[in-house]
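# Remarks on the overall topology
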Amino acid sequence: MDLMERTVVRCAEGHVFTTTSFPMQQLGADRLGPGRLIRCPRCARLRHAVPVVEQNKR
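Residues numbered from 1 in each chain as written. Predicted model: local features only at pLDDT ≥ 70, side-chain atom pairs only at ≥ 80, totals over all residues. Heavy atoms only, no water.

## Some points on the confidence of the model for the chain
Low-pLDDT portions of the prediction should not be read for the details of their coordinates. Counting all residues, the mean pLDDT for the chain is 76, and 66% of those residues have values of 70 or more. Mean pLDDT across the elements of the chain bottoms out in strand β3 (residues 36-39) (85) and peaks in strand β2 (residues 16-19) (91). (pLDDT = per-residue confidence, 0-100. Helix = DSSP H or I, 4+ residues; strand = E, 2+ residues; numbered from the N terminus.)

Shown next as structure tokens:
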């Protein structure tokens, strides 16, 4: 069982993946946007990534 919270993110190349930690996620309103540099497992490069917002399915 995975006890760590997972975050779904999308990199600048459009790859969607999950990460167990999204660095500096809880910094409040003073941060410089929602994105962070993170290594994408699909293209193996440091990319700007943002959390993916889930949409309600109808």
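## Focus: the pairing of strand β1 (residues 7-11)
Across the two faces of β1 the burial differs, with Thr7, Val9 and Cys11 buried and Val8 and Arg10 not buried at all. Relative to β2, β1 is paired through four bridges, and the arrangement is antiparallel. Pairing of arginine 10 across the sheet is with valine 16, part of β2. The turn linking β1 back onto β2 is made up of four residues, and glycine 14 within it adopts a positive phi angle of 95 degrees. Where β1 and strand β4 (residues 46-51) come together, three bridges link them in antiparallel fashion. Paired with valine 9 across the bridge in β4 is proline 51. (Buried < 20%, exposed > 50% of the residue type's maximum accessible area, 1.4 Å probe, protein only. Pairing = 2+ DSSP bridges.)

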